[in-house]
Amino acid sequence: METRRPLLCMIWILMTMTMSMSSSAAENYPVRTVTVISPFAPGSAGDNFARTISDSLAKEIGKPVVVESKLGAAGSVATAAGARAKPDGYTLLFASKGTLVVNPLLYSDTGYDSEKDFDMIALLGGLSNMLVVRSDSPFTSVQDVVNAVKRGPAEKYSYSSSGSGSSIHMAGVVFGQQVGTMMMHVPYKGATAGLTALLGGYVDMGFYSIPIVEAQVRAGLLKPLGVTSKTRSVIFPNVPTIAESGLAGYDETTWLGFVAPKGTPSEIIQYLHGKMQAIVQTPEVREKLIKQGYDIDPYLPVISPASFSRLLRDDLAKWPAIIKASGAQVN
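Attention in this report is confined to the structure presented alongside it. Just so you know, these numbers come straight off a predicted model, no measurement behind them.

1. Focus on the layout of surface pockets
At step 1: Each pocket or cavity is described by its volume, and for the largest pocket that value is around 860 Å³.
At step 2: Taken together, 39 residues line the largest pocket, and the ones lying closest to its centre are Phe40, Ser162, Ser166, Gly190 and Ala191.
At step 3: Elements that contribute at least two residues to the lining of the largest pocket include exactly helix 2 (45-61), helix 4 (97-106), helix 6 (167-179), helix 7 (191-199), strand 7 (205-209) and strand 9 (253-261).
At step 4: The element that contributes the greatest number of residues to the lining of the largest pocket is helix 4, accounting for three residues.
At step 5: Tallied by class, the residues present in the lining of the largest pocket amount to 18 nonpolar, 20 polar and one charged.

2. A short note on the pairing of strand 5 (residues 158-161)
At step 1: Here strand 5 shows no split at all, with Ser158 and Ser160 on one side and Tyr159 and Ser161 on the other all buried.
At step 2: The pairing of strand 5 with strand 6 (residues 184-187) spans four bridges and is classified as parallel. What sits directly across from Ser158, in strand 6, is Met184.
At step 3: Handedness of the β-α-β unit built from strand 5, helix 6 and strand 6 comes out right-handed.
At step 4: As paired elements, strand 5 and strand 7 share two bridges and run parallel to each other. When the sheet's bridge partners are listed, Tyr159 is paired in strand 7 with Met205.

3. Structural notes on the side chain of Asp315
At step 1: Along the polypeptide, Asp315 turns up in helix 11 (residues 305-326).
At step 2: Despite its burial, Asp315 pairs with no opposite charge, the nearest such side chain being Lys318 at 5.1 Å.
At step 3: Reaching out from Asp315, the side chain makes a polar contact with the side chain of Trp255 at a distance of 2.8 Å.
At step 4: Beyond its immediate stretch of four places on either side in the chain, Asp315 contacts Lys97, Val101, Trp255 and Pro320.

4. Description of unusual backbone geometry
At step 1: The omega torsion of the bond from Tyr29 to Pro30 falls at -5 degrees, within 30 degrees of zero and hence cis.
At step 2: Note on placement: Pro30 falls in the loop between helix 1 (4-28) and strand 1 (34-38).
At step 3: With omega at 0 degrees, the peptide bond leading from Gly152 into Pro153 counts as cis.
At step 4: Residue placement: Pro153 occurs in the loop between helix 5 (142-151) and strand 5.
At step 5: At Ala73, a residue that is not glycine, the phi angle is positive and equals roughly 55 degrees.
At step 6: Mapped onto the elements of the fold, Ala73 is located in the loop between strand 2 (65-69) and helix 3 (76-84).

How each quantity is defined
- Residue numbering note: each chain is counted from 1, following its sequence as written.
- Where local features are concerned, this predicted model is filtered to residues with pLDDT of at least 70; where side-chain atom pairs are given and counted, the filter is 80 or more; whole-chain, interface and lining totals use all residues.
- Side-chain calculation: all heavy atoms of the structure are included, whereas hydrogens and water are not.
- Think of a 1 Å grid over just the protein atoms. A cavity is a set of points where a 1.4 Å probe fits yet cannot get out, a pocket is an open set with protein on both sides within 12 Å along at least five of seven lines, and lining residues have an atom within 4 Å of a point.
- Grid points are joined across faces, edges and corners, and a volume is the space filled by probe spheres set on the points.
- Helix and strand assignments come from DSSP, with helices taken as H or I runs of at least 4 residues and strands as E runs of at least 2, each series counted from the N terminus.
- Three residue categories are used. Nonpolar comprises Ala, Val, Leu, Ile, Met, Phe, Trp, Tyr, Cys and Pro, charged comprises Asp, Glu, Lys and Arg, and polar comprises the others, including Gly.
- Think of it in three bands: residues with accessible area under 20% of the maximum for their type are buried, residues over 50% are exposed, and the middle band is partly exposed, with areas taken using a 1.4 Å probe on protein chains only.
- Strand pairing is assigned whenever DSSP identifies at least 2 bridges connecting the two strands.
- Looking down the strands as they point away from the viewer, one classifies a crossover as right-handed if the path from the first strand across the helix to the second runs clockwise.
- Counted charges follow a simple rule, with Lys and Arg positive, Asp and Glu negative, and His plus the chain ends left uncounted.
- Salt-bridge detection follows one rule: a side-chain nitrogen of Lys or Arg within 4 Å of a carboxyl oxygen of Asp or Glu.
- Each polar contact in these results corresponds to two N or O atoms within 3.5 Å; when the atoms are within protein, one needs to be able to donate a hydrogen and the other to accept it, and residues that are neighboring in sequence are counted only if both atoms are side-chain atoms.
- In this description, contact between two residues means that some pair of their heavy atoms is separated by no more than 4.5 Å.

Set out below in structure tokens:
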């Protein structure tokens with residue numbers, strides 16, 4: 001026992017020093033550049049949101065915030081990199097329902113566990129999609145599409161997406177399930193490529209995020225038939241929701257937020273949560289995001305990290321049955 005006492009004393013001293021250093025690091029945070037890993041391509045709707053918040057965060061904390069896009073496997077490459085990062089608050093991950101909920105259900109090995117590998121920071125907004133067709137399409141309403149798809153056969157009609165597991169893909173899956181007949185999903189590498197395929201006549205329709213299709217809709221190249229959210233879009237108030245246009249209860253949006261590698265000091269999590277909450281409540285930032293087509297619902301900015309975690313758990317419990325029933329898979 002006497003010989004073990006010095007060893008135990010040394011372990012206690014080292015533990016105390018480690019805790020003290022961790023506390024000190026959190027207290028002085030930040031002292032250098034913060035990197036935000038984005039799973040979305042530059043110029044995409046998700047990446048634009050991440051950069052808008054990151055630019056404002058840099059002003060708030062007085063240190064540079066650099067957004068680093070890592071593409072691959074519908075966002076799984078970036079998300080896995082975020083999981084492996086040092087949990088010191090200097091590497092954050094921009095996340096969505098697609099990367100933390102849908103991808104683990106579609107890919108056999110994403111390289112991360114959404115619940116075990118991350119600490120939630122802030123859920124800041126959402127992104128609705130819009131069912132669009134070409135200007136020369138015979139479809140003029142959601143009900144037209146519903147009637148045509150119901151007549152079948154399955155996969156007679158097609159829709160493009162930015163890739164398997166994307167919000168565009170999932171919007172089509174839920175649509176097909178509610179109609180009772182699935183459409184053919186044609187994934188492309190990115191929203192731009194998928195939208196080009198739609199405009200070129202290679203597919204019949206698409207469920208693209210509002211910021212991505214706004215210009216084409218206003219130019220008359222695409223006809224907007226319905227939005228995927230519960231309520232109408234602020235920037236397209238004359239476009240009905242899919243739910244009010246023939247598919248009662250339809251609601252498919254993706255949430256957007258920031259997370260950190262598991263083990264990031266709670267003081268840093270709370271600090272960043274407070275800063276991001278303040279940013280998204282700033283009138284100029286809110287107005288900018290809303291005008292670009294993002295959903296900034298009043299309850300979202302104040303959602304706590306704990307509430308964010310519960311939302312993640314709820315979605316992880318909800319979506320396996322939806323994806324299994326649809327037969328959706330990576331292709």
